[in-house]
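Now for the letters of each chain:
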Amino acid sequence: MDPTAVLRDVFGHAAFRGGQREAIDAVLAGRDALVLQPTGAGKSACYQVPAVALARAGHGTTIVISPLIALMNDQVRALVGRGVAAAALHSQLDDDDRLETLRRLMAGELELLYLSPERAVLDGFRRLLGRARVALLAIDEAHCVSQWGHDFRPEYLRLGELREICDGPAIPMIALTATATPRVMAEIASSLELRTPVTVRGDFHRPNLAFEVIHVPPGRGEETRLAAMIAALERLGLRDQRDRSTGRAIIYCATRKTAETVADHLKAAGFAAGYYHAGRTARARDRAQTGFSLGRTRVLVATNAFGMGIDYPDIRAIVHYQAPGSLEAYYQEAGRAGRDGDPSTCLLLFGRGDLMTQRRISQSNSSSAKVEARREEALAAVGRYANAWTCRQQILCAHFTGTEDHAACTTCDACRDPQGASIEPLPAPAAALDDASAQIILAAMTAHDRPVGKGNLAKALRGSQAKPIVIQGLVRLPQHGALASASEDAIVATIDRLVADLRLVRKGRKYPMVALPGPPKVTRTTYARRGRDGTSTSSITVELDRYRRSMARKLKWKAYMVFQKATMVAIDEKRPDSLLALQRIPGLGLSRIERFGADVLAIVKRYTVS
Ligand code: ADP
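Peer 1: It is not clear to me how the overall build of the chain should be interpreted in this structure. Could you clarify?
Peer 2: Of the regular secondary structure elements, the chain holds 26 helices and 16 strands. Counting every position in the chain, which comprises 610 residues, the buried fraction comes to 51%. For the chain, the share of sequence-separated contacts (at least 6 apart) that also reach a separation of at least 24 residues comes to 71%. In the structure as shown, the chain presents an accessible area of about 28400 Å², 53% of it carried by carbon and sulfur atoms. On the chain, the mean spot of the 83 positive side-chain charges and the mean spot of the 64 negative ones are 8 Å from each other.

Peer 1: What is the right way to read the packing of helix α18 (residues 435–448) against helix α21 (residues 488–500) from this model?
Peer 2: Two quantities define a packed helix pair, namely the angle between the helix axes and the distance between the axes. The N-to-C vectors of α18 and α21 enclose an angle of 80°; their axes lie 10 Å apart at closest approach. When the interaxial angle is binned, α18 and α21 end up roughly perpendicular. In contact with Asp-435, Ala-438, Ile-441 and Leu-442 of α18, α21 contributes Ile-491, Thr-494, Ile-495, Arg-497 and Leu-498. Partitioning the contact of α18 with α21 into residue classes produces six nonpolar, one polar and two charged.

Peer 1: Please explain the packing of aromatic side chains as it appears in this structure.
Peer 2: The way to describe two aromatic rings as a pair is by their centre distance and the angle between their planes. Counted by the stated rule, this structure contains 13 aromatic pairs. An angle of 85° between the planes, with centres 5.3 Å apart, marks the rings of Phe-292 and Tyr-312 as edge-to-face. Of this pair, Phe-292 sits in helix α12 (residues 282–293) while Tyr-312 sits in the loop between β11 (299–302) and β12 (315–320); the two residues are 20 residues apart in sequence, bridging distant segments of the chain. Just as Phe-292 is buried, Tyr-312 falls in that class too. The rings of Tyr-276, Phe-292, Phe-306 and Tyr-312 are connected pair by pair, giving a single aromatic cluster. Here the basic side chain of Arg-225 rests over the ring of Tyr-321, its NZ or CZ set 5.9 Å away from the ring centre. Stacked on the ring of Tyr-275, the Lys or Arg Arg-280 has its end atom at 3.9 Å from the ring centre.

Peer 1: Please clarify how a negative patch on the surface should be interpreted in this entry.
Peer 2: Residues Asp-94, Asp-95, Asp-96 and Asp-97 make up a contiguous surface patch of negative charge. Of note, Asp-94 is situated in the loop between β3 (86–89) and α5 (95–106).

Peer 1: Before we go on, may I ask you to explain helix α26 (residues 590–608) in this structure?
Peer 2: Since there are 3.6 residues in each turn of an α-helix, residues three or four apart along the chain are aligned in direction. The sharpest bend along α26 measures roughly 65° and falls at Phe-596. Among the residues making up α26, those that are buried are Ile-593, Phe-596, Gly-597, Val-600, Leu-601, Ile-603, Val-604 and Tyr-607.

Peer 1: Honestly, the pairing of strand β6 (residues 173–177) in this entry has me stumped. Any pointers?
Peer 2: One face of the sheet, then the other: side chains in a regular strand alternate in exactly this way. The buried fraction of β6 is high, at five of five residues. Residues Met-173, Ala-175 and Thr-177 line one face of β6 and the alternating positions Ile-174 and Leu-176 line the opposite face, and both faces are buried. For strand β1 (residues 33–36) and β6, the ladder comprises four bridges, and the chain directions are parallel. Paired with Leu-36 across the two strands is Thr-177, which belongs to β6. Bridge analysis of strand β5 (residues 134–139) against β6 gives three bridges, and the strand direction is parallel. Each residue of the ladder has a partner; that of Leu-137, found in β6, is Met-173.

Peer 1: Mind showing me how you'd approach the site of the ligand here?
Peer 2: Near the ligand, the surroundings consist of His-13, Ala-15, Phe-16, Arg-17, Gln-20, Pro-38, Thr-39, Gly-40, Ala-41, Gly-42, Lys-43 and Ser-44. The contact in question runs from an oxygen atom of the ligand to an N or O atom on the side chain of Arg-17, over 3.0 Å. Protein chains shield 69% of the accessible area of the ligand, which is 560 Å² for the free molecule. When grouped by side-chain class, the residues that make up the shell around the ligand number four nonpolar, six polar and two charged.

Peer 1: Hey, could you run me through the environment of Ala-407 in this one?
Peer 2: With respect to the helices and strands, the residue Ala-407 is situated in the loop between α16 (392–401) and α17 (413–416). Separated by 202 residues in the primary sequence, Ala-407 and His-205 place their C-alpha atoms 8.7 Å from one another.

Peer 1: Looking at this model, I keep getting lost on the state of the cysteines. Mind explaining?
Peer 2: Each disulfide is one covalent bond, formed between the sulfur atoms of two cysteines. Applying the stated criterion to the full structure yields zero disulfides. Its sulfur unpaired, Cys-46 is 18 Å from the next cysteine sulfur, which belongs to Cys-144. The structure places no disulfide on Cys-391, whose sulfur is separated from the nearest cysteine sulfur, that of Cys-409, by 3.7 Å.

Peer 1: Whenever I open this one, the confidence of the model for the chain confuses me. Can you help?
Peer 2: When pLDDT is low, close inspection of the predicted coordinates is not appropriate. Residues of the chain with pLDDT of at least 70 account for 91%, and the chain-wide mean is 86. Residue range residues 522–537 is modelled with pLDDT below 50. Its contacts to residues more than four positions away, or to other chains, number 38 contacts.

Peer 1: For this particular structure, what's the right way to read the sheet that holds β6?
Peer 2: Strands in a sheet are paired, the pairing made by backbone hydrogen bonds, and the direction either parallel or antiparallel. On the basis of which strands lie adjacent, the open sheet formed by seven strands has the order β3-β4-β2-β5-β6-β1-β7 and parallel pairing. Here the strands that pair on one side only, and so sit at the sheet edges, are β3 and β7 (198–201). When the angles between neighbouring strand axes are averaged without regard to direction, this sheet yields 15°. Here β1 runs beside β7; their pairing, made up of four bridges, is parallel. Bridging from a neighbouring strand, Ala-33 pairs with Val-198 of β7. Against the sheet, helix α4 (residues 69–81) touches β3 and β4 (112–115), its axis set at about 160° to β3.

Peer 1: Honestly, the side chain of Ser-116 in this entry has me stumped. Any pointers?
Peer 2: Secondary-structure assignment places Ser-116 in the loop between β4 and α6 (117–120). For Ser-116, the contacting residues outside a window of four places in its chain are Ile-65, Ser-66, Met-72 and Leu-89.

Peer 1: Could you clarify how one ought to interpret the domain arrangement of the chain in this entry?
Peer 2: Often the size quoted for an interface is simply the accessible area lost on bringing the parts together. With domains assigned, the chain is organised as domain 1 (3–201), domain 2 (209–416), domain 3 (435–515) and domain 4 (524–608). At the junction of the two partners, domain 3 supplies 13 residues and domain 4 supplies nine residues. For the pair domain 3 and domain 4, the two sides together bury roughly 890 Å², of which 50% comes from carbon and sulfur. It is Ala-447, Gln-465 and Arg-476 that lose the most area in domain 3 upon contact with domain 4, and together they represent 49% of the buried surface on that side. At the boundary of domain 3 with domain 4, the tally comes to zero salt bridges. Our count for the contact surface shared by domain 3 and domain 4 stands at zero residue pairs in polar contact (both at pLDDT 80 or more).

Peer 1: How should the sheet that holds strand β15 (residues 505–507) be read in this particular structure?
Peer 2: Ordered by their spatial adjacency, three strands build an open sheet running β14-β16-β15, and the pairing between neighbours is antiparallel. Sheet topology places β14 (452–453) and β15 at the edges, where each strand pairs with a single neighbour. Relative to strand β16 (residues 513–515), β14 runs antiparallel, the two being bridged by two bridges. Bridging across to β16, Val-452 finds its partner in Val-514.

Calculation notes
Residues numbered from 1 in each chain as written. Predicted model: local features only at pLDDT ≥ 70, side-chain atom pairs only at ≥ 80, totals over all residues. Heavy atoms only, no water. Helix = DSSP H or I, 4+ residues; strand = E, 2+ residues; numbered from the N terminus. Buried < 20%, exposed > 50% of the residue type's maximum accessible area, 1.4 Å probe, protein only. Contact = heavy atoms within 4.5 Å. Areas by Shrake-Rupley, 256 points an atom, 1.4 Å probe, with all protein chains shown as cover. Lys, Arg positive; Asp, Glu negative; His and termini not counted. Charge placed at Lys NZ, Arg CZ, Asp CG, Glu CD. Axes fitted to C-alpha atoms, helices over the stretch in contact; angles between N-to-C directions. Parallel < 35°, antiparallel > 145°, perpendicular 65-115°, else oblique. Nonpolar A, V, L, I, M, F, W, Y, C, P; charged D, E, K, R; others polar. Phe/Tyr/Trp six-rings, centres within 6.5 Å; stacked < 30°, edge-to-face > 60°. Lys NZ or Arg CZ within 6 Å of the ring centre and 35° of its normal. Patch = residues over 30% accessible without salt bridge, like charges linked within 9 Å, V, L, I, M, F, W, Y side chains within 5 Å. Salt bridge = Lys/Arg side-chain N within 4 Å of Asp/Glu carboxyl O. Bend = angle between axes of the 7 residues up to and from the residue. Pairing = 2+ DSSP bridges. Near = heavy atom within 4 Å. Polar contact = N/O pair within 3.5 Å; in protein donor to acceptor, adjacent residues only side chain to side chain. Disulfide = S-S within 2.5 Å. pLDDT = per-residue confidence, 0-100. Domains from an automatic or database assignment. Buried area = accessible area lost by both parts, 1.4 Å probe.

Spelled out as structure tokens, the structure:
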């Protein structure tokens, strides 16, 4: 069957798109092909059209290796809907379905069979495959072969053997990817043992995408990121939940925790937002994705776990809340915007700590010197992209194709404002506080007597009751709230000055912690509980704090709803000894006294009478 007829009659497309014909002609002539095209360009047709043509001419089945079950199922569903005999073999099938698919393969009834790389290299399955009639091998997402890439899958390294298994070297192989630098392309060709493949390079220029980078000043990261993200979403009309014509947006975050926090902020700001990451249950992920697919949520905050195979036409913005680990990952994620060809925005929020965050994430996975060198190279490319002020699409195209001959896009921030006049200068760093404040910091460090994160210490001194501050016991510092009128930046700057003056030292490699110089003291500190000695005022506060937290757990309240810190301090000061005396404590209304009064009096009594 002629490929043009297959494209028209089976797939319903009038003409081939750029590069498709070249790749299809190559494999139909028995040659190998390597296809590098951006997502959405139409790579599937490059193997599906010849697969149908070959099968209907009696040459056998095309085996497609695909890394994701969801992706396989989507493809098979679409093919079957077009009358193509396609099936997938993966771990989620029950035994009956698996046997039936194998039977159809062996009987030559399948035009396309999708397989996971793991299954393709299983010994038992390879023996079966050896007896099947195979017309073509297609390796989708072929960059998974490379440790340089961001989706490395070790099983891909063994796919080169497939051709030998499938009855001889005559079978052509086509490898496809949306994300590969020249180096990764070479790695794909050598690992899959492609024989002088016809190489098809697509156009990475996406005229409808406006790329933009906003630099996030140190110390004001979250504020700036949230404001920039919300402004971008608002410009697109995504806050209005009734108007679905404005499309949707994906916010990519580097970590699961950030994804959750950002989703919370968006919801609080009135956006219909959901979140998706690999730490959620399959059901929760499914709900998040369905909500987004149906338009119930207009903004999805996600880690890179969300994306492969995602194809929504109307994504108007992809915001990277933090920088990703490589330009490959960036382009693939950002490239999910504007599939319908309408103008869309790809915004990268870039802060000094972002590359460090990526290092931390990847360090836990692997730390061989080779992998580290590759990671550093990838991170450096992200840094260069963020810090450049030339056409962003030119940088991306040059990165992917290895050539410099791309026209400027005219839509990115650098093209719109070549002089960079609109770049806001970063604010001056906060000034350190006076000596009295520095003394308070040192006193707090003496009281705490162990290393503490700079940010957490600053938050505690400003009076924060946030969970990390409570968990680390920083709310019990006598200096808690003592610098409430100073900014967090200024406190951190003062801590930095104390470090420069050697009055504090840095501790820990991963997080910026500080400590007093010298070995830690053995005795516990002023704010800690000292036992029932009848004299310690701080013991009452400690006990009251423990009590309110246990009540809060029981009642499913927040601790401050039981009573606030000021109330505990007042109880400690006034030592009430009757219900009447409790009424004079600010913050203890009748209903609280009714609920907790007797317990509070018992605590006070325990710690004031020896
Ligand atoms: P990729 O795998 O490169 O991300 P797909 O193969 O999923 O892209 O194709 C993206 C979209 O383009 C699909 O909706 C597909 O039907 C459409 N498409 C592919 N080839 C053509 C063509 N020749 N003409 C029109 N539409 C096409």
